[in-house]
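So the chains spell out like this:
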Amino acid sequence: MKILVTGGTGYIGSHTVVELMQNGFDVVIVDALFNSQAKAVDAIEKIVGRRPEFESFDLTCRKKTSDFFDRHTDIQGVIHFAAHKAVGESVKEPLKYYRNNVISLINIIDEMSRHNVQNLVFSSSCTVYGQPDPEFLPIPEHAPIKKAESPYGNTKQIAESIIADTIKAEDKIRGIALRYFNPVGAHESAMIGELPNGVPNNLMPYITQTAYGIRPILKVFGNDYPTPDGTPIRDYIHIMDLAKAHVAAIRRMTDGRMKKNFEIFNIGTGTGYSVLDVINSFEKTSGVKLNYEIAPRREGDTIKVWADPSFSNRELGWKAERNLDDMTRSAWKWEQAYRKGETLFE
Ligand code: UDP
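Quick caveat: nothing in here was measured; it's all calculated off a predicted structure. (Residues numbered from 1 in each chain as written. Predicted model: local features only at pLDDT ≥ 70, side-chain atom pairs only at ≥ 80, totals over all residues. Heavy atoms only, no water.)

> How would you summarise the site of the ligand if you had to cite specific residues and measurements?
The immediate surroundings of the ligand are formed by 15 residues, with Asn182, Lys219, Arg234, Arg298 and Asp301 found nearest. Take Arg234: an N or O atom from its side chain is 2.6 Å from an oxygen atom of the ligand. Within the contact set of the ligand, an oxygen atom lies 2.5 Å away from a side-chain nitrogen or oxygen of Asp301. Of all the elements, strand β8 (residues 218-221) adds the most residues to the shell around the ligand, at 4 residues. Looking at the shell around the ligand residue by residue, the classes come out as 8 nonpolar, 3 polar and 4 charged. (Near = heavy atom within 4 Å. Polar contact = N/O pair within 3.5 Å; in protein donor to acceptor, adjacent residues only side chain to side chain. Helix = DSSP H or I, 4+ residues; strand = E, 2+ residues; numbered from the N terminus. Nonpolar A, V, L, I, M, F, W, Y, C, P; charged D, E, K, R; others polar.)

Here is the structure:
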């Protein structure tokens, strides 16, 4: 069975392609390489022993997208990752985000419909929940959606609505939206991992880059929040557990196990960890003393959020298996391999 993975050279995409191929799926990747490297395809081949097909073009181009689907008539499902994802940048350049994230989705759904491709998995985000009210912690899928705090977050909400409305209007297409919590870590081979562009915004790459000496010091954005140690709490999830959730979603669709034509699943571990918990785990698994300081709060940060994954566990038959130490250990292994030039990436 062949799956189109858009954004398949990116962080989550590349790990998911590995997991799909190791579970017997064929994969064709489409990626415009806005924020990733074609070397990911070589790295995937090295891990799996089989090369995914790969085409590089911009999915906002209707004509190119249409030509692609005309040429690949054997695609049976689409996992759509390709999107811009920097929250801060989206505030400064909203149209860049709306244009890319929304138009590419519309083009893909149009072509799926035209070519009778039924199965769509969409990468959504727990940002749609904002800061949940206390009665919704851990947060279930039916919790209210809060007004998005950034154009990026809004594109995820809009995309979920576009998929839901289209599926309601035509029963040919089925969709699953996976709402990811905080993906971190890397494939155990350290051949693929997270490669942030410039200065990282996210905690884990900032930690590993600081430990390696690329950044002088990690700023912990606030320790006066109403949490046990004063730092914000997130549901960090190992990237390989996240990758497996996509295989589970595709199988649920192709095995005809869906209960509704559009389903939404939380993809988290169900456990919340604070920033200091992550730092402590990193110091333990790496043996490196991390240089960090307490700094002012970061504007717009959610205080605490973690998933109720019981619906995913039950319905998808999927459960996160790796713990925080597995996450920090694999993230550090990847950072070192990359910096020492042991990976295929530039
Ligand atoms: N964080 C931090 N210093 C950094 C980057 C992140 O203290 O340099 C904190 C941030 O305030 C948040 C947590 O780490 O509490 C996770 O941040 P990230 O940006 O990775 O994820 P998000 O906030 O989008 O869930």
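Now, onward.
> Account for the nonpolar core, with residues named and values stated.
In terms of nonpolar packing, the biggest core is built from 46 residues, with Leu20, Leu178, Ile267, Leu316 and Trp318 touching the most fellow members. Mapped onto this core, the elements with two or more residues apiece are β1 (2-6), α1 (11-22), β2 (26-30), α2 (39-48), β6 (174-180), α8 (239-254), β11 (262-267) and α11 (324-339). The element contributing the most residues to this core is α8, with 10 residues. Apart from residues lying up to four places away in sequence, Leu316 is in contact with Leu178, Ala245, Ala248, Ala249, Arg252, Phe265, Ile267 and Phe311. Listed in part, the 24 residues of the second largest apolar core include Leu4, Phe68, Leu105 and Ala159. (Core = buried A, V, L, I, M, F, W, Y, C linked by side-chain atoms within 4.5 Å. Buried < 20%, exposed > 50% of the residue type's maximum accessible area, 1.4 Å probe, protein only. Contact = heavy atoms within 4.5 Å.)

> I'd like a description of the side chain of Thr210, backed by residues and values.
Mapped onto the secondary structure, Thr210 falls in helix α7 (residues 203-212). Overall, Thr210 belongs to the buried group, its relative accessible area being 6%. A distance of 2.6 Å separates a polar atom in the side chain of Thr210 from the backbone oxygen of Tyr206. Dropping the residues within four chain positions of it, Thr210 is found in contact with Arg215, Pro216, Ile217, Leu218, Leu290 and Asn291.

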